[in-house]
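Listed below, chain by chain, are the residues.
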Amino acid sequence: MKILVCVKQVYDSPDTLVFNESSGRVEFGSHTVFRMNRYDEYAVEEALRIRERITGVAVDAVSVGPDRVRKTIRRALEMGADHGIHIRTGCETDLDPLERAHLIASLARGRRYDLILTGVMAEDDMQSQVGGLLAGILGFTCATGIISLEMHGNPREILLEREIEGGRRECLTLGFPCVLTIQSGINTPRYPSLSHVLRARSEELELIEAPSPAPSPPLLSVKRFLLPEEGEKGEIITGTPGEKAARLLSILREHSLL
Amino acid sequence: MIETRCYVIALHDNGRVAEETYETAAFARRYVAADPCVVVLSGGGEIEPLAGRLADRTGLTVIGLAGDIVREYCAEAYTASLISFLRKKGNAFVCIPHTARGIDFAPQLSVGIGACCITAVEGAGEGTFIRSVYSGRFRSEVRPETPSAVLTVMPGAFKPEKGAMQGPGSVKIVPLRAFELSTKTRGTREAVHANMTLSRAEVVVSAGRGLGSAENLRLVEMLSGIFPKSAIGATRGVCDLGWLDYSHQIGTTGNTVAPRLYLACGISGAVQHVSGMKNSQLIVAINTDPDASIFRTAHFGIVEDLKVFIPLLVDMYREKHGDGDA
Ligand SMILES: Cc1cc2nc3c(=O)[nH]c(=O)nc-3n(C[C@H](O)[C@H](O)[C@H](O)COP(=O)(O)OP(=O)(O)OC[C@H]3O[C@@H](n4cnc5c(N)ncnc54)[C@H](O)[C@@H]3O)c2cc1C
């Protein structure tokens, strides 16, 4: 069985992003550090667990982006993935999910993956689309928000639970090939072991250049970025820590909470 | 207003229309087309009452796609049925509630009908749609460059219209073609994590990843201890780390609470968390980051390190009240 895990690199903390007023764009700051999208860590872990349960499973990890994303592909190798693939794009800015999905689909088409895993959502663009788009392009079935996954013996199908509102679960069985988007909490992602870290260091990443310009024009354009809507902003309590604590206690007392 | 053909896909469960369907219909009418059609998919027995209820409440034309393959929700069946229905209709905007089910089939559907896909829409401009990005720090305004689009509409972002203004809409039932599915649905399971203590509590003190470590949970416990009838809540992030059991999780995929006081400690304020606590009577947030989204939900915000501030607050309370006097 061949598994492809899609991993995205995101900023570690959103408070390092800067809003460039003149261009109307959001840019990475000088302090921005990058890491693997958290939900994708659960996807990598789940692929590795399948490989541990079933013989003859190979796990590839792919990421789309500029050279910095190689670090995130390496992280997947350090966790234990067998092979890393970098689809290199020239631009530093984020592609839209469909462009990303087309790039991954053109890789996946020739390689006969049985299972493609992604995280349920990317923390940066929050689109939750690449998995479903890939399934649509490749003609695979798809299930999202997977919180339980079972496969036995020589599997023809996978038993799944998807998480829906209020923590309820939808139970289903899917045949292959399929795309699953993995919800956090399905497992506990492992820390890379030293032996895997050493192996990953010597492992070559497969490099695929994304065609430029993209073969098909994007279906939507980002006009601009905006700051969050100014709601009815609450009051930020100011003063020394002691003054803030005193004020908060008096507010709680006014509301008869203490 | 875009003035194009527009379809609103209704979602339902156990014979009940999801409220988000009405919000999505209101969004569609306001920003996409004056007279969208509502499309509902279900098995033969259920389709007429569902379609009837939708037509009564929205006043819009309702098309019921009826067949055994959509008796239960199934992404594969929904996608294929909607693609074959929509392909005959030409260019259209399709609006779907951004719920766990809506987002489960929206992207595939967009590929199938050659549309762009915009998820979690929470606002609109002139032919543009607005959604949150970068952990809710910013919003982006995007414009479809195709004559067809699939939009998923954020729950709670738009108010449903009050009753049909023009009397009930008409209903048309269209039978669906059956086909072999690779998916087998096996029903739903109730949440294992429902927590009565949380829903009954008058004060919920909630922990976020900003706690930094499981050991710091004692700070939250200490703070919770000064209130009678209090309980401890958490973000999904904290439960994923194993610091607290999932029964403490608050948000879309956890518990929903509306206590008299909600104290958010080290919580960034992601929409999925906020939707589970925003109806609390008084919301106070403690966070080191002055730009954290939670301060847009909170009535009172305190920009401090919780590791310093909570002990200070509790000490000050005890000095005034004497230990254990709560
Ligand atoms: C499909 C789906 C469903 C989801 N359902 C839920 C749900 O039901 N409930 C839920 O909560 N989440 C849910 N999430 C996850 C959600 O998107 C967020 O990732 C999560 O709520 C973030 O948790 P957090 O605020 O604890 O962590 P973070 O976002 O990491 O925020 C930590 C905060 O702590 C602050 N901080 C750091 N140090 C300190 C300090 N010393 N003192 C004070 N503040 C500090 C930081 O400034 C930051 O704002 C869901 C996500 C998806 C994709």
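Residues numbered from 1 in each chain as written. Chains lettered and ligands numbered in written order. Predicted model: local features only at pLDDT ≥ 70, side-chain atom pairs only at ≥ 80, totals over all residues. Heavy atoms only, no water.

## A closer look at the overall build of chain B
Move 1: Across its full length, chain B carries 10 helices and 17 strands.
Move 2: Counting only C-alpha atoms and orienting by the principal axes, one finds that chain B spans roughly 75 × 40 × 40 Å.
Move 3: The buried share of chain B, taken over its 326 residues, is 59%.
Move 4: Sequence-distant contacts, at least 24 apart, represent 67% of the contacts inside chain B between residues at least 6 apart.
Move 5: For chain B, the accessible surface area stands at approximately 13000 Å², while carbon and sulfur atoms represent 49% of it.
Move 6: Between the centroid of the 33 positive side chains of chain B and the centroid of its 33 negative side chains there is a distance of 5 Å. (Helix = DSSP H or I, 4+ residues; strand = E, 2+ residues; numbered from the N terminus. Buried < 20%, exposed > 50% of the residue type's maximum accessible area, 1.4 Å probe, protein only. Contact = heavy atoms within 4.5 Å. Areas by Shrake-Rupley, 256 points an atom, 1.4 Å probe, with all protein chains shown as cover. Lys, Arg positive; Asp, Glu negative; His and termini not counted. Charge placed at Lys NZ, Arg CZ, Asp CG, Glu CD.)

## As for the interface of chain B and chain A
Move 1: Counting residues at the interface gives 80 residues for chain B, matched by 79 residues for chain A.
Move 2: Overall, the association of chain B and chain A removes approximately 7300 Å² of surface from exposure, summing both partners, and the carbon and sulfur fraction of that is 56%.
Move 3: For the interface between chain B and chain A, the tally reads 10 salt bridges.
Move 4: At the boundary of chain B and chain A, one finds 42 residue pairs in polar contact (both at pLDDT 80 or more).
Move 5: Residue composition of the side of chain B that touches chain A, grouped by class: 35 nonpolar, 23 polar and 22 charged.
Move 6: In the sheet, strand β11 (residues 169–175) of chain A pairs with strand β12 (residues 183–189) of chain B via 5 bridges, with the strands oriented antiparallel. Residue pairing in the sheet places Thr173 of chain A in a bridge with Lys184 of chain B of β12 of chain B. (Buried area = accessible area lost by both parts, 1.4 Å probe. Salt bridge = Lys/Arg side-chain N within 4 Å of Asp/Glu carboxyl O. Polar contact = N/O pair within 3.5 Å; in protein donor to acceptor, adjacent residues only side chain to side chain. Nonpolar A, V, L, I, M, F, W, Y, C, P; charged D, E, K, R; others polar. Pairing = 2+ DSSP bridges.)

## Quick look at the packing of aromatic side chains
Residues and elements named next belong to chain B.
Move 1: Applying the stated criterion to the full structure yields 14 aromatic pairs over all chains.
Move 2: Seen from their ring centres, Phe27 and Phe129 are 6.0 Å apart, and the 50° between their planes marks the pair as tilted. Of this pair, Phe27 sits in helix α1 (residues 19–31) while Phe129 is found in strand β8 (residues 129–133), placing the two residues 102 residues apart along the sequence. Assigned by exposure class, Phe27 and Phe129 land together as buried. (Phe/Tyr/Trp six-rings, centres within 6.5 Å; stacked < 30°, edge-to-face > 60°.)

## What about the layout of surface pockets?
Move 1: Within this model, the second largest pocket holds a volume of roughly 770 Å³.
Move 2: Around the second largest pocket sit 38 residues that line it, and Thr93, Asp94, Leu95 and Phe225 of chain A together with Tyr134 of chain B are the ones nearest its centre.
Move 3: At the level of elements, β2 (9–11), β4 (25–28), β6 (58–65), α3 (97–109) and β14 (220–226) of chain A together with β8 and β9 (138–144) of chain B are the ones that each hand at least two residues to the lining of the second largest pocket.
Move 4: When its residues are assigned to classes, the lining of the second largest pocket shows 19 nonpolar, 7 polar and 12 charged. (1 Å grid on protein atoms, 1.4 Å probe; cavity = no way out; pocket = protein on both sides within 12 Å on 5 of 7 lines; lining within 4 Å. Points joined across faces, edges and corners; volume = space filled by probe spheres on them.)

## A word on the nonpolar core
Move 1: Residues Leu223, Phe227 and Leu261 of chain B are the most contacted members of the largest nonpolar core, which totals 38 residues.
Move 2: Contact partners of Leu261 of chain B, with chain neighbours within four places excluded, come to Leu252 and Leu257 of chain A together with Glu202, Val203, Val204, Phe227, Leu282 and Val284 of chain B. (Core = buried A, V, L, I, M, F, W, Y, C linked by side-chain atoms within 4.5 Å.)

## Description of the domain arrangement of chain B
All names here are of chain B.
Move 1: Here the domain parsing of chain B yields domain 1 (6–175) and domain 2 (196–321).
Move 2: Computed from C-alpha atoms alone, the centre-to-centre distance between domain 1 and domain 2 is 35 Å.
Move 3: With 4 residues of domain 1 in contact, the opposing surface of domain 2 contributes 6 residues.
Move 4: In this structure, the salt-bridge partner of Arg137 is Asp289, at a minimum N-O distance of 2.2 Å.
Move 5: Our count for the contact surface shared by domain 1 and domain 2 stands at 2 residue pairs in polar contact (both at pLDDT 80 or more).
Move 6: Partitioned by chemical class, the residues of the side of domain 1 that touches domain 2 number 1 nonpolar, 2 polar and 1 charged. (Domains from an automatic or database assignment.)

## Quick word on the site of the ligand
Move 1: Residues in close proximity to the ligand total 28 residues, the closest being Arg209, Thr235, Gln249, Thr253 and Ser268 of chain B.
Move 2: The environment of the ligand is shared, with nearby residues belonging to chains A and B.
Move 3: Between Thr252 of chain B and the ligand, the recorded distance is 3.1 Å, taken from a backbone N or O atom to an oxygen atom.
Move 4: Taking Leu306 of chain B, its main chain carries an N or O atom lying 3.0 Å from a nitrogen atom of the ligand.
Move 5: For the ligand, whose unbound accessible area comes to 990 Å², protein coverage reaches 82%.
Move 6: Where the shell around the ligand is concerned, the elements lending two or more residues are α8 (271–274) and α10 (306–321) of chain B. (Near = heavy atom within 4 Å.)

## Considering empty space enclosed by the protein
Residue and element names in this part refer to chain A.
Move 1: Under the counting rule described, the total for this entry stands at 2 cavities of 30 Å³ or more.
Move 2: If you trace the largest cavity, you find 23 residues lining it, with Lys8, Arg100, Thr118, Ala122 and Val130 closest to the centre.
Move 3: Mapped by element, the contributors of at least two residues to the lining of the largest cavity are β6, α3, β8 (115–119) and α4 (130–138).
Move 4: In terms of residue class, the lining of the largest cavity is built from 10 nonpolar, 9 polar and 4 charged.

## So, the sheet that holds strand β10 (residues 149–153) of chain B
Move 1: Strand order in the open sheet formed by 10 strands is β14(A)-β9(B)-β8(B)-β7(B)-β10(B)-β6(B)-β1(B)-β4(B)-β5(B)-β11(B), with mixed pairing between adjacent strands. Sheet topology places β14 of chain A together with β11 (171–175) of chain B at the edges, where each strand pairs with a single neighbour. Here the average twist between neighbouring strands, direction ignored, is 35°.
Move 2: Pairing of strand β1 (residues 6–9) of chain B with strand β6 (residues 93–97) of chain B involves 3 bridges; the strand directions are parallel. (Axes fitted to C-alpha atoms, helices over the stretch in contact; angles between N-to-C directions.)

## Some details on helix α3 (residues 75–87) of chain B
Move 1: Here α3 of chain B is 13 residues long and its end C-alpha atoms lie 18 Å apart, about the 18 Å a rise of 1.5 Å per residue gives.
Move 2: Among the 13 residues of α3 of chain B, 10 are classified as buried, and the element is accordingly described as predominantly covered. (Expected span 1.5 Å × (residues − 1).)

## Topic: the side chain of Arg139 of chain B
Move 1: Relative to the assigned elements, Arg139 of chain B resides in strand β9.
Move 2: Glu229 of chain A provides the closest opposite charge to the buried, salt-bridge-free Arg139 of chain B, at an N-O distance of 4.3 Å.
Move 3: Engagement of the side chain of Arg139 of chain B in a polar contact is seen with the backbone oxygen of Leu227 of chain A, the distance being 2.9 Å.
Move 4: The contact partners of Arg139 of chain B, leaving out residues within four places of it in the chain, are Arg224, Phe225, Leu226, Leu227, Pro228 and Glu229 of chain A together with Glu122, Ile130, Arg131, Ser132 and Val133 of chain B.

## Thoughts on the environment of Tyr39 of chain A
Residues and elements named next belong to chain A.
Move 1: Mapped onto the fold, Tyr39 is located in helix α1 (residues 38–53).
Move 2: In sequence terms Tyr39 and Met121 are 82 residues apart; their C-alpha atoms lie 6.6 Å from each other.
Move 3: Aside from chain neighbours lying at most four places away, what touches Tyr39 is Gly119, Val120, Met121, Glu123, Ile182, Gln183 and Ser184.

## Structural notes on the packing of helix α2 (residues 70–79) of chain A against helix α5 (residues 194–202) of chain A
All names here are of chain A.
Move 1: The contact between α2 and α5 brings their axes to 7 Å, and the two run at 135°. Classified by the angle between their axes, α2 and α5 sit oblique to one another. Here the hand of the crossing between α2 and α5 comes out right-handed. Each of Arg74, Leu77, Glu78 and Met79 in α2 lies in contact with α5, whose residues at this interface are His196, Val197, Arg199, Ala200 and Arg201.
Move 2: Within the contact of α2 with α5, the residues separate by chemical class into 4 nonpolar, 1 polar and 4 charged. (Parallel < 35°, antiparallel > 145°, perpendicular 65-115°, else oblique. Left-handed = near helix turned anticlockwise from the far one by under 90°.)

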